[in-house]
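Structural overview
Here is what each chain is made of, one letter per residue.
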Amino acid sequence: MKDFLLRPFDERSMNETLAFSAFAHAVVFFASTLVAWLLPRYIEPFPSTRVEVVSEAELQQHLEVYRTTAKAAARQTTQAKQQEPPKEEQSAEQNKPVQNTVSERVAVESSKTTPKTQEKTQTATQEQSDAKEEEKNDSIDSLLTSLEKPSDEEATLDESLDEALAETEVAPSFLTSESILTAVELATFRRHITRCWSPPVGAPALENLVVDLLLTIDEQAYVIDALVMDRARMASDPFFRSAAEAALRTLSDKACSPLRLPLEKHALWKKTVLRFDPRSLFGS
Amino acid sequence: MRGLVSRLLFLCASLLWLGGVLSPAAAQLRIDIHDGVFRPIRLAVTDIVRERAGHTTANLVRSVLESDLTRSGLVEIVERDALIQTTLSLNETPPFAVFRIAGADALASLSLHKKGRVLTATLQIWDVALERPLARETLSARSPRVLAHKVADAIYSRLTGEEGYFNSRILYVSERVRKKRRWKRLEMMDADGANKRALTRSRRVLVLNPRFSPDGSKAVYTALTREQSSIRLIDLTRKNREQILPLGKGLVYAARFSPDNRSIVYAQSLSGNSEIFTYNLQTRRKRRLTVHPSIDTSPSLSPDGGYVVFVSDRSGTPQIYVMTRRGTHVQRVSFDKGSFSTPVWSPRGDRIAFTRQLYGRFGVGVMRTDGSNLRILAEGFRVEGPSWSPNGRVLVFFNKQPTPKGAQMGRSRLMTVDVTGRFLQELSTPHNAYDPSWSHAQEQQEE
């Protein structure tokens, strides 16, 4: 190889050149394949490439789909619960620490929130089953009661599901991941910050008043440090300085502290760049 | 050797690539905030520390500066009763938590010192939210009102980033009615409506379109008598001495100064055709800018003096046009419905204010210099004649009400509105007021 490279062009044979060319092409091909295979694996865990801005309409669509699927799944779970004996239910719950689907999480959440009610329903079902054995002739009555009961439970499930959605404790299954902020979490954060930000109204050239802040946030979502990224303009441009101070004031506002971020994802947002962009406001 | 260099280069490139792709330090969440809720900056003002200055003077300074800042709409004064601590010396770091409880975002403390006839104020501004000093300034003036305006300007400027406009004046036409006879005279007042004084007194002259010179030392206005119309120049620094400009025959009107104070642009009607001219006040030379059979009027120069915005009905209805100062490259910039009039170029240079008449109603609005982003800021029965504040943020105009039954005429008053259209306020005048013109000089000259 070394001899081939160092030898002058006119001394190289055609066969040697062709062989070298084929070898070089093969090396490049394998290298690029390897890079293409490895690259996504390395990039995937890093959030900066994964966080996407989701519009309000898209968010509503996702939520609608989520509501319907989650409700259907919740109904199925309720029906399954009714069919299964109570002891089996308990054991199944104990043996299942990881909640894989949203419907399961919602069902478990709702059951966790009302343990007394659950006990009551369990004892009630036990008594009912005893009664059933004793009074097999009254099958029509028991059927009627079983038809009535699910409607009440469905209503309570709907309520608990709505509450869960409103509080955004449960994320849609297709968005849930440890490495990204979900659309709901982002929307919650934005809605919260929006209430505290007083944008620079009527300032000239709003397109130049976009302020980027680098935040260091602790595990309880309190801002430890906030730095204006364009420090040079802070000293030279009074309009930008006022806009930046307004942005900093937003973060020191008690109403917006701590930030509404999912605490379990601290690794994801401990360093955050927050961009205050007034361009869409008041015309420029 | 060459092989070693190439290997090192390859190694460096690989490390850079790996560093860029794999480094966790590069991982930062990015979130954009596009929406907000406007609220004024809440400012707490502590008691003024007096040194040889009287209690009345201190109270006057405080009330004027608070009134100025409140009128701007961008600053809200925290009520004194809400403050736990009302005194603070200039060299003392304030207890920020105490002022934060009162809901203050910023804090201003002031000391007043009088030496001879000169009042000196030392101002210290603090950011309560960020717990740090923002500015310290020393300002002086003979009049407590002027000093208060200067202090208000300094606070406004530091908190908003914009130039203050409180230490400025407004020219306007005041109309009086007595025994079914009405006459108009030229008056001047401070930007907050105080210190009104008359500049003309003749009842035989009808005063129209007064305009300040950019340095605030002169003013021009159109004077109509039974015999003729003329443009008159007033020197405000020489006891309001008047001079009639020799602009020739015909109806002359709508004069404005150029940004360099050396010339004026105006409209002149000769045998029914109105055209735009410039007149150099130093060389006394006149130059015609437009040559068109339609009516061209209401010229106003851009802050750099390179362009003229004016009104022409060459397209059928009065619309706004822009041309170079030499009268070339005429371009229409307004394409909206209605009739446009009185275009004025903003001192910032980014917008043009105008009056629009549509379906029998008047409106004052702004648009970009290319005609885009047209917004009407105030509408009414007769809302007309906008003039920009020195910082290009606020407009003053007049608003005439319809005549009520049994009355001789409707009331006409001066109003101000900011460029967002949020803060609409009245400037009180005892008589009917028309055609306001805001001075663009930052320093008000003390008499």
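These notes cover the structure that comes with them. Because the structure is a prediction, the values reported are computed rather than measured.

Looking now at the pattern of salt bridges. Considering all chains together, one arrives at 27 salt bridges over all chains under this definition. Measuring nitrogen to oxygen at the nearest pair gives 2.9 Å for the salt bridge that ties Arg233 of chain A to Asp237 of chain A. Note that Asp192 of chain B and Arg145 of chain B form a salt bridge whose closest N and O atoms lie 2.4 Å from each other. Residue Asp192 of chain B is located in the loop between strand S9 (181–190) and strand S10 (197–198), and its partner Arg145 of chain B is located in helix H4 (residues 144–160); the two are separated by 47 residues in the primary sequence.

This brings us to the interface of chain A and chain B. Size of an interface, as often reported, equals the accessible area lost when the parts are brought together. With 47 residues of chain A at the interface, the matching set in chain B holds 41 residues. Both faces considered, chain A and chain B share a buried interface measuring about 3,900 Å² in area, 58% of it formed by carbon and sulfur atoms. Our count for the chain A to chain B interface comes out at three salt bridges. Note that Arg158 of chain B is salt-bridged to Glu245 of chain A, the shortest N-O span being 2.7 Å. On the surface where chain A and chain B come into contact, there are 16 residue pairs in polar contact (both at pLDDT 80 or more).

Of the consecutive residues Ser257 of chain A and Pro258 of chain A, the connecting peptide bond is found in the cis state with omega at 5°. Relative to the elements of secondary structure, Pro258 of chain A occurs in the loop between helix H10 (238–252) and helix H11 (266–269). Look at Glu131 of chain B: it is not a glycine, yet its phi comes out positive at around 55°. Within the secondary structure, Glu131 of chain B sits in the loop between strand S6 (118–127) and strand S7 (132–141).

A separate point is the side chain of Glu175 of chain B. Residues and elements named next belong to chain B. Topologically, Glu175 is positioned in strand S8 (residues 169–178). Owing to a relative accessible area of 4%, Glu175 belongs among the buried residues under this scheme. A polar atom in the side chain of Glu175 sits 3.1 Å from the side chain of Tyr434. Excluding residues that lie within four positions of it along the chain, Glu175 makes contacts with Arg182, Trp183, Lys184, Met409, His431, Asn432 and Tyr434.

Here we come to a positive patch on the surface. Residues Arg178, Lys179, Arg181, Arg203 and Arg226 of chain B make up a contiguous surface patch of positive charge. Its location among the elements puts Arg203 of chain B in the loop between S10 and strand S11 (206–212).

Residue and element names in this part refer to chain B. If you trace the four strands from one edge of the open sheet to the other, you get S10-S9-S8-S31, paired in antiparallel fashion. Edge positions in the open sheet fall to S10 and strand S31 (432–438), since each of these has one partner strand only. As defined by bridge partners, S8 adjoins S9 across 10 bridges and the pair is classed as antiparallel. Its bridge partner lying in S9, Arg176 is registered against Trp183.

Scanning the entire structure with this criterion turns up four cavities of 30 Å³ or more. In this model, the largest cavity occupies a volume close to 330 Å³. Around the largest cavity, the lining is made up of 23 residues, and of these Ser198, Pro199, Pro200 and Ala246 of chain A together with Ile41 of chain B lie nearest the centre. Looking at the lining of the largest cavity, the elements that each hand over two or more residues are H10 of chain A together with H4 of chain B. With six residues, H10 of chain A is the single largest residue contributor to the lining of the largest cavity. Among the residues forming the lining of the largest cavity, the class breakdown is 14 nonpolar, four polar and five charged. Of the volumes computed, that of the second largest cavity is approximately 80 Å³. Taken together, Arg71, Ser72, Tyr165, Val394, Thr416, Val417, Asp418, Phe423, Gln425 and Trp438 of chain B form the lining of the second largest cavity. Of all elements in the fold, only helix H2 (55–72) and strand S29 (412–418) of chain B reach the threshold of two or more residues within the lining of the second largest cavity. Ranked by residue count, the leading element in the lining of the second largest cavity is S29 of chain B, at three residues. Partitioned by chemical class, the residues of the lining of the second largest cavity number five nonpolar, three polar and two charged.

Rules of the game
Once a new chain begins, its residue numbering starts again from 1 and follows that chain's sequence as written. Each chain gets a letter, beginning with A, and each ligand a number, beginning with 1, in the order they are written. Local features in a predicted model are, by the rule used here, given only for residues with pLDDT of at least 70; side-chain atom pairs are given and counted only at 80 or more, and totals for whole chains, interfaces and linings are based on all residues. For the side-chain quantities, the full set of heavy atoms in the structure was used; hydrogens and water were omitted. Salt bridge, as used here: a side-chain nitrogen of Lys or Arg that lies within 4 Å of a carboxyl oxygen of Asp or Glu. A helix here means a DSSP run of H or I that spans at least four residues, while a strand means a run of E at least two residues long, and both kinds are numbered starting from the N terminus. Note on definitions: a residue-residue contact is assigned when non-hydrogen atoms from the two residues lie within 4.5 Å. Note on terms: buried area is the combined drop in 1.4 Å-probe accessible area of two parts once they are placed together, counting the loss on both. N or O atoms within 3.5 Å of each other form a polar contact, as long as, within protein, one can give a hydrogen and the other can take it, and as long as residues adjacent in sequence are counted only when both atoms are side-chain atoms. Residue exposure (1.4 Å probe, protein chains only): buried if accessible area is under 20% of the type maximum, exposed if over 50%, otherwise partly exposed. Without a salt bridge and with relative accessible area above 30%, a residue can belong to a patch; like charges are then joined within 9 Å and nonpolar side chains (Val, Leu, Ile, Met, Phe, Trp, Tyr) within 5 Å. The protein chains shown are the only cover counted for residues, whose accessible areas, like all others here, come from Shrake-Rupley with a 1.4 Å probe. The positive count covers Lys and Arg only, the negative count covers Asp and Glu only, and His and the chain ends enter neither. Charge positions are represented by NZ for Lys, CZ for Arg, CG for Asp and CD for Glu. Two strands form a pair only when DSSP identifies at least two bridges running between them. Points on a 1 Å grid over protein atoms alone make up a cavity when a 1.4 Å probe fits among them but cannot get out, and a pocket when they form an open set with protein on both sides within 12 Å along at least five of seven lines; lining residues each have an atom within 4 Å of a point. Grid points are joined across faces, edges and corners, and a volume is the space filled by probe spheres set on the points. In this classification, Asp, Glu, Lys and Arg are treated as charged, Ala, Val, Leu, Ile, Met, Phe, Trp, Tyr, Cys and Pro as nonpolar, and every other residue, Gly included, as polar.

By themselves, these are just geometric observations and shouldn't be taken as functional.
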